[in-house]
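Topology and contacts: notes
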Amino acid sequence: MNTEYQHIKVIGFDADDTLWVNETYFRDAELEFAKLMAPYETANKIDQELFKKEMDNLSLYGYGVKGFVLSMVESAIELSNGSVSNDTIEKILAIGKDMLNKPVELLDGVEETLKTLSLDYRLILVTKGDLLDQERKLEKSNLSSYFHHIEVLSDKKEMNYSKLLNHLDINPSEFLMVGNSLKSDILPLVNLKAKAVHVPFHTTWLHEQVNDQDTKQKDYKTISSLSDLKTILN
């Protein structure tokens with residue numbers, strides 16, 4: 001076994017864009033929204049205003065599709081100076097419902113990796129977002145049997161992880177977190193003296209992006225696919 005990970009007893013996995021596709025659907029929805037708002041503004045301005053609205057609303061609505069849809073509706077009203085039609089609002093709501101009804105598309109090697117690791121480690125799912133939507137996706141994924149515990153957090157900061165590890169009686173030195181977001185899945189755990197493995201996804205939400213300065217001298221590994229996790233743990 002790799003001595004770096006010899007003390008690991010529990011492995012936490014992020015869900016969206018680590019186990020299954022998610023961010024791609026948000027990018028597609030933003031393109032649809034920009035088309036609907038084209039009579040009022042340029043695509044670039046629409047994107048900027050929607051992102052700003054999402055950031056303003058995070059503390060109210062949290063993460064996930066529902067907050068995103070409400071932000072689209074508010075942005076549509078503001079971008080159109082209140083003249084947006086009921087028909088357009090209905091189309092925005094339809095975009096949201098379509099996102100919530102998307103099939104769950106597992107990323108390469110996910111099930112095989114969870115199956116193998118669950119024989120030697122306690123696996124937990126640590127995600128953030130809308131509870132109902134995350135539960136729905138987990139059920140569609142058929143992966144729930146591999147996890148000892150499932151936690152949907154309101155946010156993924158050091159404080160949230162610290163509370164979770166305390167609650168589950170997990171020592172940070174025995175915990176490894178795996179995820180696609182440096183900001184949410186990796187850096188908070190490194191700061192708590194836990195281990196972390198970064199599995200980049202091809203699309204990253206602007207809110208989750210970090211600069212090089214934030215990651216300098218931070219102790220974590222990066223792998224290209226979840227399948228590589230078994231290799232570095234052995």
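Structure first, text after, so check above.
Residues numbered from 1 in each chain as written. Predicted model: local features only at pLDDT ≥ 70, side-chain atom pairs only at ≥ 80, totals over all residues. Heavy atoms only, no water.

1. What about the pairing of strand E4 (residues 175-179)?
As a general feature of sheets, a regular strand has side chains that alternate between the two faces. What counts is decided by this rule: Partly exposed describes any residue whose relative accessible area lies between the buried limit of under 20% and the exposed limit of over 50%, with all areas from a 1.4 Å probe on protein chains only and scaled to the type maximum. Strands are runs of DSSP state E lasting at least 2 residues, helices are runs of H or I lasting at least 4, and numbering of each runs from the N terminus. The criterion for strand pairing is that DSSP finds at least two bridges linking the strands in question. Assignment of crossover handedness uses the view with strands pointing away from the viewer, where a clockwise path from the first strand over the helix to the second indicates a right-handed crossover.
Buried residues dominate E4, accounting for 5 of its 5 residues. Side chains of E4 alternate between two faces, with Phe 175, Met 177 and Gly 179 and Leu 176 and Val 178 buried alike. Judged from the 4 bridges that link them, strand E1 (residues 10-13) and E4 form a sheet pairing that is parallel. Residue pairing across strands places Ile 11 opposite Leu 176, the latter belonging to E4. Alignment of E4 against strand E5 (residues 195-198), held across 4 bridges, turns out to be parallel. Bridge pairing in E5 places Met 177 opposite Ala 196. Crossover connection from E4 via helix H8 (residues 182-191) to parallel E5: handedness right-handed.

2. Considerations on the nonpolar core
What counts here: Side-chain atoms within 4.5 Å link the members of a nonpolar core, which is a set of buried Ala, Val, Leu, Ile, Met, Phe, Trp, Tyr and Cys residues. Contacts between residues were defined by any pair of non-hydrogen atoms, one from each residue, lying within 4.5 Å.
Residues Ile 11, Phe 13, Leu 19 and Leu 229 are the most contacted members of the largest nonpolar core, which totals 26 residues. Secondary-structure elements contributing two or more residues to this core are E1, helix H5 (110-117), strand E2 (122-128), E4 and helix H10 (228-233). If sequence neighbours within four positions are ignored, Ile 11 has contacts with Leu 117, Tyr 121, Arg 122, Leu 123, Ile 124, Phe 175, Leu 176, Val 178 and Leu 233. Residues Ile 46, Val 65, Val 69 and Ala 76 belong to the second largest nonpolar core, which totals 20 residues.

3. Remarks on the sheet that holds strand E3 (residues 149-153)
Backbone hydrogen bonds are what pair the strands of a sheet, in a parallel or an antiparallel way. To be explicit about the condition: Geometry is summarised by axes, namely lines fitted to C-alpha atoms with helices restricted to the contacting stretch, and by angles between N-to-C directions that run from 0 to 180 degrees.
If you trace the 6 strands from one edge of the open sheet to the other, you get E3-E2-E1-E4-E5-E6, paired in parallel fashion. At either end of the open sheet lies a strand with only one pairing partner, and these are E3 and strand E6 (221-222). Relative to the sheet, H8 contacts E2, E4 and E5, its axis offset from that of E5 by approximately 155 degrees.

4. Some details on helix H6 (residues 131-141)
Quick note on the threshold: When we speak of the arc, we mean the arc of directions from the helix axis to the C-beta atoms.
All of the buried residues in H6 are Asp 133, Gln 134, Lys 137, Leu 138 and Ser 141. The buried residues of H6 occupy an angular sector of 135 degrees when projected down its axis, which confines them to one face. Buried positions along H6 lie against helix H3 (65-79), helix H4 (86-100), E2 and E3. Asn 142, located one to two residues past H6, shows a positive phi value of around 60 degrees.

5. Some remarks on the environment of Ala 196
Here Ala 196 shows up in strand E5. What makes Ala 196 buried here is its relative accessible area of 2%. Here the alpha-carbon distance between Ala 196 and Asp 219, two residues 23 residues apart in the chain, equals 7.9 Å. Leave out the neighbours within four places in its chain, and Ala 196 touches Leu 176, Met 177, Asp 185, Ile 186, Leu 189, Val 190, Tyr 220 and Lys 221.

6. Things to note about the pattern of salt bridges
The cut-off we apply is this: Here, a salt bridge means any Lys or Arg side-chain nitrogen found within 4 Å of an Asp or Glu carboxyl oxygen.
One pass over the structure, following the stated rule, counts 22 salt bridges. The closest approach of N and O atoms between Lys 9 and Glu 174, which form a salt bridge, is 3.3 Å. In this pair, Lys 9 sits in the segment before E1 while Glu 174 sits in the loop between helix H7 (158-167) and E4, placing the two residues 165 residues apart along the sequence. Among the residues examined, Glu 174 registers a relative accessible area of 23% and is labelled partly exposed. Residues Glu 30 and Arg 27 are paired through a salt bridge, measuring 2.6 Å at the closest nitrogen-oxygen approach. Taken as a pair, Glu 30 and Arg 27 lie in helix H1 (residues 23-37) at a separation of 3 residues, close to a single helical turn. Linked through salt bridges whose partners overlap, the residues forming this network are Glu 4, Lys 195, Asp 219 and Lys 221.

7. Considering the packing of H1 against helix H2 (residues 43-61)
Rules: Convention used here: angles under 35 degrees read as roughly parallel, angles over 145 as roughly antiparallel, angles from 65 to 115 as roughly perpendicular, and any remaining angle as oblique. Throughout, a crossing is termed right-handed when the near helix is turned clockwise from the far one, and left-handed when it is turned anticlockwise from it by less than a right angle.
Following both chains from N to C, one finds H1 and H2 inclined at 120 degrees, their axes separated by 10 Å at the closest point. Considered as vectors, H1 and H2 are oriented oblique to each other. Where H1 crosses over H2, the handedness of that crossing is right-handed. Residue-level contacts link Glu 30, Phe 33, Ala 34 and Met 37 of H1 to Ile 46, Asp 47, Leu 50 and Glu 54 of H2.

8. Focus: H2
Worth spelling out the cut-off: A residue's bend is the angle separating two fitted axes: one through the seven residues that end there, the other through the seven that start there.
At Met 55, H2 shows its maximal bend, which comes to roughly 30 degrees. For H2, the full list of buried residues reads Ile 46, Leu 50, Lys 53, Glu 54, Asn 57 and Leu 58. For H2, the elements touching its buried residues are H1 and H3.

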